[in-house]
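Structural overview
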Amino acid sequence: LVCLIALKTPKLPFFPVGSESTPDFSFEGVELSYMEEGVQVMSMKAEEARVWTAQKSQFLNVEGEFWKNGSSLVSFSSPEATLNLTELDMEARSVLASIQTPRSAKLRAGILKWGAEDRLVKGEKGIQVWGNGLWVKSQNFNLDLDKNRLVFDGNSSAQINPRWVK
């Protein structure tokens, strides 16, 4: 009986081999969904994912959505997102998003956070929301997906221009 085992360290040029920074798993072309009672709540697609056994994960070049009652409520893109696999908390950076309402709006945020427990989408650091005659700037916002409620907080300002309304 002959048994051959070949082990090869994957090439990860951006991590020093053998350090705590090196992920335990690396995947390309990743799609994931979070569901509650068989209903989709959040989904993400990423070009690459890195997972550490310490329940930490990183996703690169992300397209994601938050869902309500089978319909996409918010879609977003980000160059990088992290997901805590135990707490199911997601954080994305440099986000551009679209809020799907009868009159859609665009959103830009330095950081976008979501947690499965409170089901709030939170934006931080240089928030801008625009669409259909409205332009809002703020430091932070909370979007309650269950109540369809968007609240701005921290040095907020708004402009309304009837010429922008479609």
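Before reading on, note that the structure itself is shown above.
These figures come from a predicted structure and were not determined experimentally.

This part takes up the overall build of the protein chain. Each helix and strand counted, the protein chain has 0 helices and 10 strands in total. For the protein chain, the succession of helices and strands along the chain, N to C, is β-β-β-β-β-β-β-β-β-β. Per-residue burial for the protein chain yields a buried fraction of 35% across its 166 residues. A separation of at least 24 residues holds for 33% of the contacts in the protein chain among residues at least 6 apart in sequence.

Per the counting criterion, the structure on display carries 4 aromatic pairs. With a centroid separation of 6.3 Å and an interplanar angle of 20 degrees, the aromatic rings of phenylalanine 25 and phenylalanine 27 are classed as stacked. Relative to tryptophan 114, the ring of tyrosine 34 lies with its centre 5.6 Å away and its plane at 65 degrees, an arrangement referred to as edge-to-face. Here tyrosine 34 is found in strand S1 (residues 25–36), whereas its partner tryptophan 114 is found in strand S6 (residues 105–115), with 80 residues between them in sequence. By relative accessible area, which is 3% here, tryptophan 114 ends up buried. The cationic tip of lysine 56 hangs over the ring face of tryptophan 52; the distance from NZ or CZ to the ring centre is 4.4 Å.

To continue, consider unusual backbone geometry. Phi is positive for asparagine 61, which is not a glycine, with a value near 55 degrees. Following the sequence through the fold, asparagine 61 ends up in strand S3 (residues 56–68). Non-glycine residue asparagine 69 carries a positive phi angle of around 50 degrees. Summarising the element assignment, asparagine 69 is placed in the loop between S3 and strand S4 (71–84). Of the residues examined, asparagine 69 reaches a relative accessible area of 69% and is grouped as exposed.

Let us look at the nonpolar core. Membership of the largest hydrophobic core comes to 33 residues, with the highest contact counts inside it found for Phe66, Phe76, Met90 and Trp114. Among the elements of the structure, S1, strand S2 (39–52), S3, S4, strand S5 (89–99), S6, strand S7 (120–131) and strand S8 (134–144) are those that each provide at least two residues to this core. Once residues within four sequence positions are removed from consideration, methionine 90 is found in contact with Met44, Phe66, Phe76, Ala81, Thr82, Leu83, Leu112, Lys113 and Trp114.

Reading guide: rules and limits
- Counting of residues starts from 1 at the beginning of each chain's written sequence and follows it residue by residue.
- Restriction of local features to residues with pLDDT of at least 70 applies here, the model being predicted, together with a cutoff of 80 or more for giving and counting side-chain atom pairs; totals for whole chains, interfaces and linings are based on all residues.
- As a rule here, side-chain values come from all non-hydrogen atoms in the structure, and water together with hydrogens is ignored.
- For the purposes of this entry, the term helix denotes a DSSP run of H or I that reaches at least four residues, the term strand denotes a run of E that reaches at least two, and both are numbered from the N terminus.
- Using a 1.4 Å probe on the protein chains alone, a residue whose accessible area is under 20% of its type maximum counts as buried, one over 50% counts as exposed, and one in between counts as partly exposed.
- By the convention used here, residues are in contact when the closest approach between their heavy atoms is within 4.5 Å.
- Stacked, tilted and edge-to-face are the three classes applied to pairs of Phe, Tyr and Trp rings, where Trp contributes its six-membered ring and a pair requires centres within 6.5 Å; stacked means planes under 30 degrees apart, edge-to-face means over 60, and tilted covers the rest.
- Definition used: whenever NZ (Lys) or CZ (Arg) falls within 6 Å of the ring centre and also within 35 degrees of the ring normal, the charge is taken to sit over that ring.
- To define a nonpolar core, start from buried Ala, Val, Leu, Ile, Met, Phe, Trp, Tyr and Cys residues and group those joined through side-chain atoms within 4.5 Å.

Function cannot be read off these values alone, since they describe shape.
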